[in-house]
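Coordinates in review
Take a look at the letters that make up each chain.
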Amino acid sequence: MPTLKSRRDFLAADRGMRIVTPAFILLVQPNACGAARAGFTASRRLGPHVQRNRARRRLRELARLLKAEAVAGADHVFIARPAVLDRPFPVLLADGRRALAAARRRLGA
RNA sequence: CCACACAUCCGGGCGGCCGCGGGCCGGUCCUGUCGGCAGGGCGGGCUCGAGGAAAGUCCGGGCUCCACGGAUCGGCGGUGGCGGGUAACACCCGCCGGGGGUGACCCCAGGGAAAGUGCCACAGAAACCACACCGCCGCCCGGCCCGGGGCAUCCCCGGGUGGCGGUAAGGGCGAACCGGUGCGGCAAGAGCGCACCGCGGCCCCGGCGACGGGGUCGGCACGGCAAACCCCACCGGGAGCAAGACCGAAUAGGCGCGCAGCGAUCCUUCGGGGAUCGGCGGCUCGAUCCGGCCGGCGCGCGGGUGGGUCGCUCGAGGCGCGUGGCGACACGCAGCCCCAGAGGAAUGGCCGCCCCCCUCCCCCAAGGGGACAGAACCCGGCUUACAGGGUGUGUGGCACA
RNA sequence: CGGAGCGUGGCGCAGCCUGGUAGCGCAUCAGACUGGGGGUCUGGGGGUCGCAGGUUCGAAUCCUGUCGCUCCGA
């Protein structure tokens, strides 16, 4: 799955729908390129670089495992919240699955 | 055995499955090409993949640009015992001096206060250059007061007050005040004299030196603060890999307006188009100068500013051994090793065994957890953060032989 | 990557350069004026000077380190 890099893509996703979970916020916005893409954000509020890196890696692993349930033709931006650092990974996985289901439901409706 | 000091090292280990970044090598498909081959897509194999601090960015360098090189001054900034190590340093080693500790050992911005300026609050008599508050001592006894004696408006004695002089030992103030202790001395005292200690000058000896030791003289004068200004000695151009280089038409070339187009000579397609010299202006923090280099200026329009490649990791490199040195370190070797190099940026998820920690004083079980922290041009240091542990040397104490 | 600045009562700021007393405004508390409120006047309380060392007799002030925040340039 391609990764979002440019600031413009992130700003575009910010205009889409928001799904809030304890560990992250998911933004979903249909894009022009047709493929499902993902982007990750870990701000300085999470702490120093070690913690920002770890938050981004866990979210990336989450996206990798849930790639099949992504919304086709849409950008998915994962914004890390502090809880992502110590939330058990199976719980995190359930959060992500629930968030993607909600996105598909709202978009399909 | 207990307590402590110093040095040094490690920074969870092993394995399985899925995934990520770099490099190398095959396979397959597509495009271009006569072909060799080049580019791209898909899918595999092998291999490497964070730290001792990667951090803070506090110093020192390499490297690159400012065209290049140099001198002086001023300013600014830094350093500050001595000797050495080093590419260099504010780092490191050894030594000296001072301070702390029973000791091993630790700490010190540690030049100059008789070059000058400034400050030293409050208290206190007085805060740095001299004075003298209380007190002590001597003299004057003239005046006044008190007490006592003599029969006495008068005389005598003692005390207080007062005046003149001596004194700096004592008191009181303070962070600090005519060096400290003792003896002699004196009316009382004082380096006034003497001894020891401290201080200062000179001489001798030892040491490369900081400095140390000894002698002699002085007779105490010379308080503290330079992390106050300052003085002295030494050092220092500026910017930073978004440096910068190459490819591409690409910080250029073009158009318009305004101002200016200086002097001399020459060429001329006669257009202020060009050349030489002078002048003027500019040239990487300031000023001046020398050589040198560059040069119409301003505003607007238009164009460009999202590309690719290099710089980019093999280096003052790490390990081992030997030699020299107290040591920092240096030198040498048929020796061994290659250890991240990125597109805004790769290490993650799950599981098993072992190790350690926590919950509760111990044991078992169960549960939870794994210090500080993430490379971005590269080195040498410093500083700061850090669970826990290993090794070596030494000191003090206790016990035993 | 480079540079500059700021942390002082609840809030906003002086004081720092040139070291000895921490001050101002708003807010807050008490009293007075008023029937009550507002407002005015008078009086009062409240500060580890971000933190840790050092220099000094003495540090908010000087020096070093450290933490946090803000801004600027490429």
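Refer to the preceding data block for the structure.
Considering all chains together, one arrives at 2 aromatic pairs under this definition. Ring geometry for Phe24 and Phe78: centres 5.6 Å apart, planes at 55 degrees, overall tilted. Of this pair, Phe24 sits in strand β2 (residues 24-30) while Phe78 sits in strand β4 (residues 74-80), and the two are 54 residues apart along the sequence. With respect to burial, Phe24 and Phe78 carry one shared label: buried. Judged by centre distance (5.7 Å) and plane angle (15 degrees), the rings of Phe40 and Phe78 are stacked. Pair noted here: Phe40 is in strand β3 (residues 37-41) and Phe78 is in strand β4, with a separation of 38 residues, a long-range link. Among the aromatic residues, those joined into a cluster by ring pairs are Phe24, Phe40 and Phe78. Looking at Arg60, its charged tip hangs above the ring of Phe40, at a distance of 5.9 Å from the centre.

As a further point, take the nonpolar core. Counting 25 residues, the largest nonpolar core has Phe24, Leu26, Leu59, Leu62, Phe78 and Val84 as its most contacted members. It is helix α3 (residues 89-108) that contributes the most residues to this core, 5 residues altogether.

Strand order in the open sheet made by the 4 strands is β1-β2-β4-β3, with mixed pairing throughout. The outermost strands of the open sheet, each flanked by one partner alone, are β1 (17-20) and β3. For this sheet, the mean inter-axis angle between neighbouring strands, taken without regard to orientation, is 20 degrees. On top of the sheet, helix α2 (residues 49-65) reaches β2, β3 and β4; it is set at about 145 degrees to β4, its chief contact.

The rules behind the values
Residues numbered from 1 in each chain as written. Chains lettered and ligands numbered in written order. Predicted model: local features only at pLDDT ≥ 70, side-chain atom pairs only at ≥ 80, totals over all residues. Heavy atoms only, no water. Phe/Tyr/Trp six-rings, centres within 6.5 Å; stacked < 30°, edge-to-face > 60°. Helix = DSSP H or I, 4+ residues; strand = E, 2+ residues; numbered from the N terminus. Buried < 20%, exposed > 50% of the residue type's maximum accessible area, 1.4 Å probe, protein only. Lys NZ or Arg CZ within 6 Å of the ring centre and 35° of its normal. Core = buried A, V, L, I, M, F, W, Y, C linked by side-chain atoms within 4.5 Å. Pairing = 2+ DSSP bridges. Axes fitted to C-alpha atoms, helices over the stretch in contact; angles between N-to-C directions. Contact = heavy atoms within 4.5 Å.

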